[in-house]
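Structural features, examined
Below, each chain spelled out in residue letters.
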Amino acid sequence: MAVFVHLYYWDTVDHYFEYIRKIPNVIDIYISVSVESMRKSVEEKAISYGLDYCKVIGKENRGRDISALLVAYREIMQKYEYACFLHDKKAKGNGDFLFKKNWIVSMWENMVCTEDYIYNVRDIFDGYPELGILAVPEPFDEKVNTAFDNSWGKNFALTVKLAKQLNLNCRMDEQIPPLTLGTIFWCRTSALKKLLDYPWKYEDFPEEPVPNDGTINHAVERIFAYVAQDAGYKTGTVRTVPCAERQILFMQDALRISFFHMEKLGIGNFNTAVHYEKRKEECRAFFQKFDDVYLYGAGVYGRKSLQLLDTMGLRPKGFIVSHKGTDCPEVNGFQVWDLEEVELNERTGVIIAVSITHIDAVIEALRKKVFQNYMWIMDD
């Protein structure tokens, strides 16, 4: 086993050495630096932490952590069965500070938080020979959507191009987000053989300042799981219990708030959200097929269905109910009819908008009228 680190920012070196010193001394440690003047200082820092066995390696100031991994460490890393890659990071401004701070903690805590944790990672690899990579979970923050969107950014086409360049046989889909972000991971080095065997040069990577998106660096960041897949390995994520607790609580709160607002659009559960585009196509096709479309059910599900249709620009003729009371002539400006008041024919369509426990009864009522032009869009 070996841990490979790239450090660029001198003013935060002490922070990262607090993690590096937790690595068991039976595991080799390599630290790359981009500025030669920093090399001696890092060596002295390692000695001051009792880590005189660390090997400090110089690299060109180009390509950042990606060139450290693929140029400076490319041959060395393949001498080991298991390897961890880590790098420093720094906020670009006050608005970025809290997110970067949390992201740094997530990256380093979930890789090398304690000696026992590192041995647990090794045991996972030993116990699951099909596992090639253990990455960190996506960053999450009140102002950052990385954990919620597909995180390709401008990089899907670049990553596909890189996969062809590496001659990978893997499945890539722009609708499925990449599993690795941040270039922080533990790996079985054989899982990354095609990436590490490629004859990378510093000139392959952009000079400073590196754009925030859309470069070979960003494609490499997203390619690791696909390289592992090509080699016959799986990719997973690993995290500490405190990190998992924080993430679960954050995600629960984020989902609660999100669904509170999505309720206004008629999206009341995860299944409706996942299948929204498919439902939209089905509803538009249904409205095009019939002259008059009614919502069957004027309760909670009827109102949600109406909201959902409104987001699609579709307007039903009104609501149908099995037994209309005298106190409900309309809902949200749409008339409510009793089933017996509506003429159901071949040019009429009905969208069932009741809970799943009442769907069978509604279908039976429609079949008694020899009517089968119906569908439903809401789920419990």
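Everything that follows concerns the structure shown earlier in this document.
The following refers to the structure shown.

Thresholds, definitions, all that
Residues numbered from 1 in each chain as written. Predicted model: local features only at pLDDT ≥ 70, side-chain atom pairs only at ≥ 80, totals over all residues. Heavy atoms only, no water. Helix = DSSP H or I, 4+ residues; strand = E, 2+ residues; numbered from the N terminus. Buried < 20%, exposed > 50% of the residue type's maximum accessible area, 1.4 Å probe, protein only. Contact = heavy atoms within 4.5 Å. Areas by Shrake-Rupley, 256 points an atom, 1.4 Å probe, with all protein chains shown as cover. Lys, Arg positive; Asp, Glu negative; His and termini not counted. Charge placed at Lys NZ, Arg CZ, Asp CG, Glu CD. Phe/Tyr/Trp six-rings, centres within 6.5 Å; stacked < 30°, edge-to-face > 60°. Axes fitted to C-alpha atoms, helices over the stretch in contact; angles between N-to-C directions. Parallel < 35°, antiparallel > 145°, perpendicular 65-115°, else oblique. Left-handed = near helix turned anticlockwise from the far one by under 90°. Nonpolar A, V, L, I, M, F, W, Y, C, P; charged D, E, K, R; others polar. Expected span 1.5 Å × (residues − 1). Arc of directions from axis to C-beta. Pairing = 2+ DSSP bridges. Core = buried A, V, L, I, M, F, W, Y, C linked by side-chain atoms within 4.5 Å. Right-handed = clockwise from strand over helix to strand, strands pointing away.

**Remarks on the overall build of the protein**
Looking only at helices and strands, the protein features 14 helices and 13 strands. The C-alpha extent of the protein, read off along each of the three principal axes, is 90 × 40 × 40 Å. A burial count over the protein gives 49% of its 380 residues as buried. Here the contacts in the protein between residues at least 6 apart in sequence split such that 76% fall between residues at least 24 apart. Here the protein has roughly 19300 Å² of accessible surface; of this, 50% comes from carbon and sulfur atoms. The positive charge centre, built from 46 side chains, and the negative charge centre, built from 54, are 2 Å apart in the protein.

**Some details on the packing of aromatic side chains**
Under the definition given, this model contains 19 aromatic pairs. Geometrically, the ring pair formed by Phe 17 and Tyr 49 is stacked, given 5.2 Å between the ring centres and 25 degrees between the ring planes. With Phe 17 in helix α1 (residues 13-20) and Tyr 49 in the loop between α2 (36-48) and β3 (55-58), the pair connects residues that are 32 residues apart, well separated along the chain. With a relative accessible area of 0%, Phe 17 lands in the buried category. With a relative accessible area of 23%, Tyr 49 lands in the partly exposed category.

**Quick word on the packing of α1 against α2**
Helix packing for two helices is described by the angle between their axes and how far apart those axes are. The geometry of α1 relative to α2 is characterised by a closest axis approach of 11 Å and an angle of 45 degrees between their N-to-C directions. One element, α1, and the other, α2, form an angle in the oblique class. Considering the relative orientation of α1 and α2, their crossing is right-handed. Across the interface between the two elements, Val 13, Asp 14 and Phe 17 of α1 pack against Met 38, Val 42, Lys 45 and Ala 46 of α2. Among the residues making up the contact of α1 with α2, the classes are represented as 5 nonpolar, no polar and 2 charged.

**Considering helix α6 (residues 115-127)**
Three or four residues apart is the spacing at which side chains of an α-helix point the same way, because the helix has 3.6 residues per turn. With 13 residues, α6 should reach 18 Å at 1.5 Å per residue; the first-to-last C-alpha distance of 18 Å fits that figure. Where α6 is concerned, the buried positions are Tyr 117, Ile 118, Val 121 and Phe 125. For α6, the angular spread of buried residues about the axis comes to 105 degrees, placing them on one side.

**Considerations on the sheet that holds strand β1 (residues 2-7)**
The strand order across the open sheet formed by 7 strands is β3-β2-β1-β4-β6-β5-β7, and the pairing between neighbours is mixed. The open sheet has two free edges, formed respectively by β3 and β7 (234-237), since each of these has just one partner strand. Shown here is a sheet whose adjacent strand axes are inclined to one another by a mean of 20 degrees, direction ignored. Examined bridge by bridge, β1 and strand β2 (residues 28-33) share 6 bridges and lie parallel to one another. Along β2, the bridge assignment pairs Phe 4 with Tyr 30. Where helix α3 (residues 64-72) meets the sheet, its contacts fall on β1, β2, β4 (82-87) and β6 (185-188), and the angle it forms with β4 comes to roughly 155 degrees.

**Here's the deal with the environment of Gly 63**
As for its placement among the helices and strands, Gly 63 is situated in the loop between β3 and α3. If we ignore the near neighbours within four places in the chain, the residues touching Gly 63 are Phe 205, Pro 206 and Asn 217.

**Describing the nonpolar core**
Judged by nonpolar contacts, the single largest core of 39 residues is most densely connected at Trp 108, Val 112 and Trp 186. Of all the elements in the fold, those that place two or more residues in this core are β1, α1, β2, α2, β4, α5 (94-112), α6 and β5 (131-135). Considering each element in turn, this core owes the most residues, 6 residues, to α5. Setting aside residues no more than four positions away along its own chain, Val 112 makes contact with Tyr 19, Lys 22, Ile 23, Cys 84, Leu 86, Ile 118 and Trp 186. Of all hydrophobic cores here, the second largest spans 38 residues; its members include Ala 68, Met 172, Leu 192 and Ala 219.

**Focus on the pairing of strand β8 (residues 292-296)**
In terms of burial, β8 is a largely internal element, 4 of the 5 residues being buried. The sheet contact formed by β8 and strand β12 (residues 348-352) spans 5 bridges and is parallel. Along β12, the bridge assignment pairs Val 293 with Gly 349. Alignment of β8 against strand β9 (residues 318-321), held across 3 bridges, turns out to be parallel. Following the sheet pairing, Tyr 294 is matched in β9 by Gly 318. Viewed along the sheet, the connection from β8 through helix α13 (residues 300-311) into β9 turns out right-handed.

**What about the environment of Met 107?**
Following the sequence through the fold, Met 107 ends up in helix α5. Using a relative accessible area of 0% as the deciding quantity, one classes Met 107 as buried.

**A word on the pairing of β2**
Of all 6 residues that make up β2, 5 are buried, and the element is covered over most of its length. A crossover connection joins β1 to the parallel β2 through α1; in handedness this β-α-β unit is right-handed. Pairing analysis gives 4 bridges linking β2 to β3, with the strands arranged parallel. Its bridge partner lying in β3, Tyr 30 is registered against Lys 55. A crossover connection joins β2 to the parallel β3 through α2; in handedness this β-α-β unit is right-handed.

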